[in-house]
Amino acid sequence: MLIPLILSGGSGTRLWPVSRKNLPKQFLSLTGQGTLFQQTVARTQQLPDAASPVVVASEDHRFLAAEQLLESGIEGATIVLEPVARNTAPAIALGALQAIERDPEAILLVLPADHLIGDAKSFTDGVAAALPAANEGWLVTFGIRPDRPETGFGYIRRAEAITDGAFRVAQFVEKPVLATAQSYLDDGSYDWNSGMFMFKASVYLEELGQHAPDMLAAVSAAHASAKSDLDFVRISTDAFSKVPDNSIDYAVMEKTQRAVVIPVKCDWSDIGSWSALWLAGARDAQGNLREGDTIAVDTCNSLLRSHDHHLLATVGVHDLIVVSTPDATLVAHRDAAQDVKRVVDELKAAGRPEHSLHRVVRRPWGSYDSLESADRFQVKRIVVKPGAALSLQKHHHRAEHWIVVSGTAEVTCDDRAFLLGENQSTYIPLGSVHRLRNPGKVPLEIIEVQSGSYLGEDDIVRLEDAYGRS
């Protein structure tokens with residue numbers, strides 16, 4: 001059985017301000033139809049005899065992954081939740097242990113959720129070429145044939161061929177300087193390290209046990225104590241925190257004698273920076289990649305991206321990245337795109353929320369948009385999906401006023417339950433036990449005005465919750 005293993009734990013800091021901790025790049029529509037996560041899952045469904053995927057995702061993103069699988073029409077997927085990030089080697093081990101429960105002979109196709117592949121047929125052909133080697137016990141990695149001297153990727157040097165199209169791995173090479181990258185391109189025996197793999201789940205665990213036995217023991221213990229929660233496999237935080245942090249390259253692939261590489265040309269990009277997205281996108285005659293409401297006057301070779309109908313205009317610039325969102329704007333030179341993560345580091349150090357949250361925050365029941373805030377009040381636009389409900393909750397430091405803009409609201413406030421229609425409102429006193437539910441078949445939209453001495457999201461005491469958060 002071929003089981004796709006989708007690794008969806010990345011944070012995508014180099015694509016700030018669009019990609020943030022609570023909504024990273026894999027769950028965004030950056031290019032093409034659907035999000036990068038959905039495009040990755042869709043590619044696996046085009047493979048002959050591929051089973052439903054195993055997804056390893058951050059616990060913070062569990063509802064994003066579940067919702068986007070549902071939107072894609074995927075049934076029977078397993079979502080394994082990482083309570084803390086421990087890099088790719090442990091994440092793949094979790095997926096391998098989960099896959100073996102389905103089929104002891106399962107073959108894993110390991111795919112990062114945030115990559116772009118433009119040539120689906122070449123990708124499918126590469127997977128087909130890897131299957132015989134994987135069945136024979138090789139650990140297959142997919143190398144991307146380079147078309148430029150790229151300094152942002154690691155490289156794999158090929159040795160002798162073991163089958164038609166598969167080569168022993170001679171060496172894994174870290175990201176090179178430009179002159180070295182050019183020498184790799186000229187040499188012809190180097191491929192970009194894509195981070196995509198195929199192997200038997202049992203063989204991977206065997207090699208992990210040989211080269212990183214402490215990691216295998218810790219991951220196995222964490223997986224053995226896992227519990228099912230709604231549609232998820234929840235891993236213990238205490239158990240998984242004991243797992244060593246390491247990548248599959250360092251933990252296994254650079255040490256094993258079973259590593260082989262299959263070179264492919266599939267128009268691949270890891271979308272690891274804004275400059276990578278500029279390269280992968282459809283640029284106009286002036287070399288600009290433009291998304292949203294933009295005007296470009298005497299502008300060339302730039303990426304211009306505006307969100308939420310904000311007009312973005314440039315005059316007399318070139319080789320720039322300009323990205324505007326409702327609460328942040330990035331202006332950077334294309335050559336400095338890899339350094340955007342330094343902005344995120346500064347935001348974290350300053351304790352600012354923009355590194356992790358957008359102004360519009362998605363929740364399993366819908367979303368809220370923080371329209372205005374000051375010392376003692378905050379205004380939000382709340383949208384609740386049909387049939388969905390917020391938790392039964394109370395606040396210690398704030399009261400709330402709700403005004404229905406569209407749809408119908410079912411309100412619980414202490415011992416009262418009642419309906420509100422459009423243009424009707426209610427008041428939730430400080431300390432009252434309350435809940436908001438949408439009993440209708442269209443989205444419910446309300447304006448919420450909070451007032452009080454503290455307005456943080458951590459002033460929520462959940463008493464009951466359909467999403468396991470109480």
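Note that the structure is predicted; figures quoted are calculated from it, not measured.

Engineer: Report on helix α4 (residues 120-135), specifying residues and quantitative values.
Structural biologist: Note on helix geometry: an α-helix contains 3.6 residues per turn, so any two residues three or four positions apart are oriented the same way. A rise of 1.5 Å per residue sets the reference length of α4, with its 16 residues, at 22 Å; its end C-alpha atoms lie 23 Å apart and thus fit the reference within 8%. Along α4, the residues that are buried comprise F123, G126, V127, A130, A133 and A134. Between the side-chain oxygen at the start of α4 and the backbone nitrogen of K121 there is a gap of 3.3 Å, and the oxygen is on D119. Looking one or two residues past α4, G137 carries a phi angle of roughly 100 degrees, positive in sign.

Engineer: Please give an account of the domain arrangement of the protein that cites residues and values.
Structural biologist: When the domains of the protein are assigned, the result is domain 1 (2-269), domain 2 (274-337) and domain 3 (360-464). Averaged C-alpha coordinates put domain 1 and domain 3 at centres separated by 40 Å.

Engineer: So, the sheet that holds strand β19 (residues 328-333): which residues are in play, and what are the values?
Structural biologist: Strand order across the open sheet formed by four strands is β14-β16-β18-β19, with mixed pairing between neighbours. Unpaired on one side and paired on the other, β14 (289-291) and β19 mark the two borders of the sheet. Neighbour-to-neighbour, the strand axes of this sheet turn through a mean angle of 5 degrees, independent of strand direction. Summarising the sheet, β14 and strand β16 (residues 303-306) pair through three bridges and their orientation is parallel. When the bridges of β16 are listed, R290 appears paired with L304.

Engineer: Requested: an account of the packing of helix α1 (residues 36-45) against helix α2 (residues 62-71), with residues and values cited.
Structural biologist: For the pair α1 and α2, interaxial distance at closest approach is 10 Å and the crossing angle is 50 degrees. By the criterion of interaxial angle, the relationship of α1 to α2 is oblique. Our pair here, α1 against α2, has a crossing hand that is right-handed. Contact residues: α1 offers F37, Q38 and V41, while α2 offers A65, Q68, L69 and E71. Here the contact of α1 with α2 is built from residues that sort into four nonpolar, two polar and one charged.

Parameters and conventions
Per chain, residues are indexed from 1 in the order of the written sequence. Side-chain atom pairs in this predicted model are given and counted only at pLDDT of 80 or more, local residue features only at pLDDT of at least 70, and totals for whole chains, interfaces and linings cover all residues. The basis for every side-chain value is the complete set of heavy atoms in the structure, and neither hydrogens nor water enter the calculation. Segments assigned H or I by DSSP are reported as helices when at least four residues long, segments assigned E as strands when at least two residues long, and all are numbered from the N terminus. Multiplying 1.5 Å by the helix residue count minus one yields the expected span of that helix. Throughout this description, buried means an accessible area under 20% of the type-specific maximum (1.4 Å probe, protein chains only), exposed means over 50%, and partly exposed covers the range between. For this analysis, a polar contact is any N or O atom pair within 3.5 Å, provided that within protein one partner can donate a hydrogen and the other can accept it, and provided that sequence-adjacent residues contribute only side-chain to side-chain pairs. For every domain, the bounds stem from an assignment made automatically or drawn from a database. Strand pairing requires that DSSP identify at least two bridges connecting the strands. Between N-to-C directions, angles span 0 to 180 degrees; the directions come from axes that are lines fitted to C-alpha atoms, helices contributing only their stretch in contact. Orientation labels follow simple angle bins: below 35 degrees gives roughly parallel, above 145 gives roughly antiparallel, 65 to 115 gives roughly perpendicular, and whatever is left gives oblique. For any helix crossing, the convention is left-handed if the near helix is rotated counterclockwise from the far helix by under a right angle, and right-handed if that rotation is clockwise. Contacts are assigned to residue pairs with any non-hydrogen atoms lying within 4.5 Å of each other. Any residue that is not Ala, Val, Leu, Ile, Met, Phe, Trp, Tyr, Cys, Pro, Asp, Glu, Lys or Arg is counted as polar, Gly included; the first ten are nonpolar and the last four charged.

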